[in-house]
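The residues making up each chain are set out below.
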Amino acid sequence: MTPFSLHRPDTVEQALAAFAGDAAWLAGGHTLIPAMKSRLRQVERLVDLSKLHALEGIEHMGDSLLVGAMARHVSVATSPVVKAAIPGLALLAGGIGDPQVRNKGTLGGSIANNDPAADYPAALLALNALVDTSRGTHAADDYFQGMFTTALEDGELITAVRFAVPLAFHYAKIRHPASRYALAGVAVARFADGHRVGVTGATSGALRWTQAEAALNSGGALPAVLVHDDLAADIHASAQYRAHLAGVMLKQALAAIGSAG
Ligand SMILES: Cc1cc2nc3c(=O)[nH]c(=O)nc-3n(C[C@H](O)[C@H](O)[C@H](O)COP(=O)(O)OP(=O)(O)OC[C@H]3O[C@@H](n4cnc5c(N)ncnc54)[C@H](O)[C@@H]3O)c2cc1C
């Protein structure tokens with residue numbers, strides 16, 4: 001780890017003022033600190049968000065569920081508001097990592113990092129979410145731009161995510177037995193005007209499964225496997241296996257929400 005200065009602002013305004021030069025936001029530190037320790041990432045200034053309690057809120061507002069960027073996974077998993085509005089989202093958060101990860105990891109850190117096997121990105125895509133930041137709002141469809149890449153600019157702070165409240169939602173994943181990251185995860189949301197499907201883990205970045213959406217929305221045959229030219233393959237699972245798992249997870253998610261498939 002190389003030397004850096006640490007800043008712990010009390011307000012969002014102070015945080016934005018403290019972000020200067022070669023800086024990074026620090027949420028729970030679950031990804032950032034190991035990356036700094038191994039010198040994959042070196043910064044001169046860390047702006048710690050842990051005192052920004054205003055970014056921890058969870059609120060059901062009309063037809064959307066607002067979750068603050070600093071909401072820990074455990075808070076989403078146990079929130080009565082989330083359980084009432086989108087119970088499948090609480091289940092998703094409760095399936096992230098282990099208790100240590102859930103107690104420190106945050107929604108904002110997860111989607112800023114955008115690991116291709118992270119769970120939340122599939123949910124944001126299926127739930128047609130809006131990502132609120134210090135500079136405006138990104139639709140989830142435009143926000144996720146491939147492996148570890150997002151629409152965020154340097155110094156742009158995520159403040160909250162607004163999930164559209166669906167008629168039904170479920171996320172099914174085959175998790176890696178050690179990390180619990182998704183080998184393949186599929187999120188399905190049913191709205192009055194049709195289904196949206198998000199996939200994570202199976203390709204180099206989270207994406208909408210438009211072929212599955214078209215089948216669901218037209219009553220056509222569901223795809224048995226995920227067909228994509230950028231399927232992920234590594235020591236944990238081949239591309240062919242991940243494509244197959246995505247098809248199985250799609251069926252599980254649909255069965256959980258009682259949608260035909
Ligand atoms: C052992 C282990 C197992 C895990 N298993 C899973 C799993 O099963 N599923 C899963 O989805 N995830 C998993 N994770 C990831 C975990 O859920 C964390 O969310 C993720 O590591 C990000 O950590 P963090 O929230 O502490 O953010 P940090 O590590 O503090 O930050 C991560 C990145 O996001 C940036 N950032 C943080 N907050 C903001 C913000 N508000 N605005 C803009 N940028 C911001 C930081 O600058 C940094 O670049 C696992 C992690 C570990 C270590």
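In this text, all values refer to a predicted model and were calculated from it rather than measured experimentally.

Caption draft 1: Geometry of the overall build of the protein. Looking only at helices and strands, one finds 11 helices and 12 strands in the protein. Taking 2.2 N^0.38 as the reference for a compact globule, 261 residues should give roughly 18 Å; the C-alpha atoms of the protein span a radius of gyration of 18 Å, in line with that estimate. Seen through its principal axes, the protein has C-alpha atoms that stretch 55 × 45 × 30 Å. Across the 261 residues of the protein, 44% fall into the buried class.

Caption draft 2: Here's a closer look at the sheet that holds strand S1 (residues 5-7). Here three strands make up an open sheet; going across it, the order is S1-S3-S2 and the pairing parallel. Each of the sheet's edge strands pairs with one partner strand only, and the pair in question is S1 and strand S2 (23-26). Here the average twist between neighbouring strands, direction ignored, is 25°. Here S1 pairs with strand S3 (residues 45-48) via three bridges, running parallel. Directly across from histidine 7, in S3, lies its bridge partner valine 47.

Caption draft 3: Spotlight on the site of the ligand. For the ligand, the set of nearby residues contains 32 residues, the closest of which are Gly28, Gly97, Gly105, Gly108 and Gly109. For the shell around the ligand, the secondary structure elements donating two or more residues are S2, helix H6 (99-104) and helix H7 (107-113). Inspection of the shell around the ligand shows a minimum of three residues originating in each of domain 1 (1-48) and domain 2 (168-257).

Caption draft 4: Focus on the nonpolar core. Leu89, Ala123, Ala126, Val186, Ala187, Val199 and Ala246 are the most contacted members of the largest nonpolar core, which totals 80 residues. Shared between two domains, this core holds at least three residues of each, these being domain 1 (1-48) and domain 2 (168-257). Ignoring any residue separated from it by four or fewer positions in sequence, one finds alanine 246 in contact with Ala184, Val186, Val199, Ala202, Val225 and Leu226.

Caption draft 5: Local environment of the domain arrangement of the protein. We note that the domain assignment places domain 1 (1-48) and domain 2 (168-257) within the protein. For domain 1 and domain 2, the distance between their C-alpha centroids amounts to 34 Å.

Caption draft 6: Up close: helix H5 (residues 87-94). What H5 keeps buried is the set Gly88, Leu89, Ala90, Leu92 and Ala93. Where H5 is buried, its residues meet helix H3 (73-78), helix H4 (80-85), helix H8 (120-126), strand S8 (158-164) and strand S9 (168-175).

Caption draft 7: Local environment of the pairing of strand S7 (residues 136-139). Inspection of the sheet shows strand S6 (residues 130-133) paired to S7 by four bridges, in the antiparallel sense. Across the sheet, residue leucine 130 finds its bridge partner in S7, namely alanine 139. What sits between the antiparallel neighbours S6 and S7 is a turn of two residues.

Caption draft 8: Structural context of helix H11 (residues 239-257). Taking 1.5 Å per residue as the helical rise, H11 with its 19 residues ought to reach 27 Å, and the 27 Å between its terminal C-alpha atoms agrees with that figure. Within the sequence span of H11, burial applies to Arg242, Ala243, Leu245, Ala246, Gly247, Met249, Leu250, Ala253 and Leu254. Count one or two residues on from H11 and you reach glycine 258, which has phi positive near 70°.

Caption draft 9: Expanded view of the sheet that holds strand S12 (residues 207-208). Read across the sheet, four strands follow the order S9-S10-S11-S12 without closing on themselves; strand pairing throughout is antiparallel. Two strands bound the open sheet, and with one partner strand each, they are S9 and S12. Relative to strand S11 (residues 194-200), strand S10 (residues 182-191) runs antiparallel, the two being bridged by seven bridges. Each bridged residue has a counterpart across the sheet, and for alanine 189 the counterpart in S11 is arginine 196.

Caption draft 10: Layout of the pairing of S2. Note: S2 against S3, four bridges, orientation parallel. Residue tryptophan 25 lies in a different strand from S3, and its bridge partner there is valine 47. On the question of chirality, the crossover connecting S2 to the parallel S3 by way of helix H2 (residues 32-37) is right-handed.

Caption draft 11: A look at unusual backbone geometry. One non-glycine residue with positive phi stands out, namely asparagine 114, at about 55°. The buried category is assigned to asparagine 114, around which 21 C-beta atoms lie within 10 Å. Unlike most non-glycine residues, phenylalanine 148 shows phi in positive territory, near 55°. Checked against the element boundaries, phenylalanine 148 lands in the loop between helix H9 (140-143) and S8.

Caption draft 12: A look at the environment of leucine 92. Here leucine 92 shows up in helix H5. As a C-alpha pair, leucine 92 and tyrosine 171 span 79 residues in sequence and 6.3 Å in three-dimensional space. Setting aside its immediate chain neighbours within four residues, leucine 92 contacts Asp119, Ala123 and Tyr171.

So, how was this worked out
- Residues numbered from 1 in each chain as written.
- Predicted model: local features only at pLDDT ≥ 70, side-chain atom pairs only at ≥ 80, totals over all residues.
- Helix = DSSP H or I, 4+ residues; strand = E, 2+ residues; numbered from the N terminus.
- Rg over C-alpha atoms; globule rule 2.2 N^0.38 Å.
- Buried ≥ 20, exposed ≤ 12 C-beta atoms within 10 Å, placed from the backbone.
- Pairing = 2+ DSSP bridges.
- Axes fitted to C-alpha atoms, helices over the stretch in contact; angles between N-to-C directions.
- Near = placed C-beta within 6 Å.
- Domains from an automatic or database assignment.
- Core = buried A, V, L, I, M, F, W, Y, C linked by C-beta atoms within 7 Å.
- Contact = placed C-beta atoms within 7 Å.
- Expected span 1.5 Å × (residues − 1).
- Right-handed = clockwise from strand over helix to strand, strands pointing away.

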